[in-house]
Amino acid sequence: MLVTFPLLDAEELRCAHGLLAAGHWSDGRASAGAQAALAKNNEQLAPQGDEARALGQIVLQALDRTPRFLAAALPKRVFPPHFNRYGGQANTYGPHVDGAIRFLENGTRVRTDLSCTVFLSPPQDYEGGELAIQGTDGERSVKLPAGHAVLYPGTSVHAVRPVTRGHRLACFFWIESMVRSHEQRKLLLELDDALVDLRMAGETPATVALTGTYHNLLRMWADT
Ligand code: NI
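Calculation criteria
- Residues numbered from 1 in each chain as written.
- Predicted model: local features only at pLDDT ≥ 70, side-chain atom pairs only at ≥ 80, totals over all residues.
- Heavy atoms only, no water.
- Pairing = 2+ DSSP bridges.
- Helix = DSSP H or I, 4+ residues; strand = E, 2+ residues; numbered from the N terminus.
- Core = buried A, V, L, I, M, F, W, Y, C linked by side-chain atoms within 4.5 Å.
- Buried < 20%, exposed > 50% of the residue type's maximum accessible area, 1.4 Å probe, protein only.
- Contact = heavy atoms within 4.5 Å.
- Axes fitted to C-alpha atoms, helices over the stretch in contact; angles between N-to-C directions.
- Parallel < 35°, antiparallel > 145°, perpendicular 65-115°, else oblique.
- Left-handed = near helix turned anticlockwise from the far one by under 90°.
- Nonpolar A, V, L, I, M, F, W, Y, C, P; charged D, E, K, R; others polar.
- Domains from an automatic or database assignment.
- Buried area = accessible area lost by both parts, 1.4 Å probe.
- Salt bridge = Lys/Arg side-chain N within 4 Å of Asp/Glu carboxyl O.

**Topic: the sheet that holds strand S15 (residues 158–160)**
The sheet built from five strands is open, its strands ordered S3-S7-S15-S12-S13 with antiparallel pairing. Edge strands, defined here as strands with exactly one partner in the open sheet, are strand S3 (40–41) and strand S13 (138–142). Bridge count for S3 against strand S7 (residues 92–96) is two bridges, and the pairing is antiparallel. The residue of S7 that forms the bridge with Asn41 is Thr92.

Following this line, the structure appears as structure tokens:
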């Protein structure tokens, strides 16, 4: 299941682009596993730099105030956002899977249940650069307005198509969810969405009961 949502506002994007322009960029292969390194050809913002940390804060704060993200991801841990750039000679990332476990600086493990990409460049600024995600129902090609995000299963084979004009700037990170199973997480999101619709007509005994069912399922399935 793919979930897309607007994340950053115009002021946050303006601030982000200032930081992206000031940061130090290097070969993205440094952070890829052996197999992914063969497919990866992009540039990455130094993750320990002041710019990456400030950018990460902008993204994390935006995630915290975005109900769609919280409902869809049910986040337990969010890996610090990273930033990449595709264009010129470093313009693509062939089909690959992301590693299942990432390590935080303090050694804490993060299981990559979900991947998230935040598009930072306006689509008209570059040609190509679609995020292609393979699923059981075929391949989905995603290219979103600047500031919009896509959440997709960390289990997916995915690729970034070659950027043939301009530059594509993006943010990416992983989420360990309180609900590990994609099927269970999907059911909870569908129930949550239906409840939001039902509540538009006001609370009733049925909406209260269904809200209870949502929370009881979450209690049964969540690992906090
Ligand atoms: Ni990837």
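Now that the structure has been shown, the text picks up again.
**A short note on the nonpolar core**
Grouped together as the largest cluster of nonpolar side chains are 32 residues, with contacts concentrated most on Leu7, Val118, Leu120 and Leu151. Every element with two or more residues in this core is listed here: strand S1 (3–6), helix H1 (10–22), helix H3 (50–64), helix H4 (67–73), strand S10 (114–119), strand S14 (148–153) and strand S17 (168–177). Top contributing element to this core by residue count: H3, with six residues. Those residues in contact with Leu151 that lie beyond four places of it in its chain are Met1, Leu2, Val3, Phe5, Phe69, Ala72, Ala73, Leu114, Ser115, Cys116 and Ile175. With 14 residues, the next largest nonpolar core counts Ala36, Val142, Val150 and Val160 among its residues.

**Quick notes on the environment of Val208**
Position of Val208 relative to the elements: it lies in helix H6 (residues 205–221). Overall, the relative accessible area of 53% leaves Val208 in the exposed class. Along the backbone, Val208 and Leu195 are 13 residues apart, and their C-alpha atoms lie at a distance of 9.4 Å.

**Some details on the packing of helix H5 (residues 182–199) against H6**
Contact pair H5 / H6: the axes reach a minimum separation of 10 Å and the direction vectors enclose 160°. With respect to their mutual orientation, H5 and H6 come out roughly antiparallel. Of the two possible hands of crossing, H5 and H6 adopt the one that is left-handed. The residues of H6 that touch H5, namely those facing Gln184, Leu187, Leu188, Leu191, Asp192, Leu195, Leu198 and Arg199, are Thr207, Leu210, Thr211, Tyr214, Leu217, Leu218 and Trp221. For the contact of H5 with H6, the class distribution of residues is 10 nonpolar, three polar and two charged.

**Description of the domain arrangement of the protein**
Size of an interface: often given as the accessible area lost when the parts come together. Entries for the protein in the domain assignment read domain 1 (3–177) and domain 2 (182–221). Taking only C-alpha atoms into account, the centre of domain 1 sits 30 Å from that of domain 2. Of the residues lining the interface, 12 residues belong to domain 1; the matching set on domain 2 comes to eight residues. Of the roughly 680 Å² buried where domain 1 meets domain 2, counting both sides, 61% is carbon and sulfur surface. Of all residues in domain 1, Arg68, Ala71 and Leu74 give up the largest surface area on contact with domain 2, accounting jointly for 56% of the area buried on that side. For the pair domain 1 and domain 2, the interface holds one salt bridge. Measuring nitrogen to oxygen at the nearest pair gives 2.7 Å for the salt bridge that ties Asp193 to Arg68.

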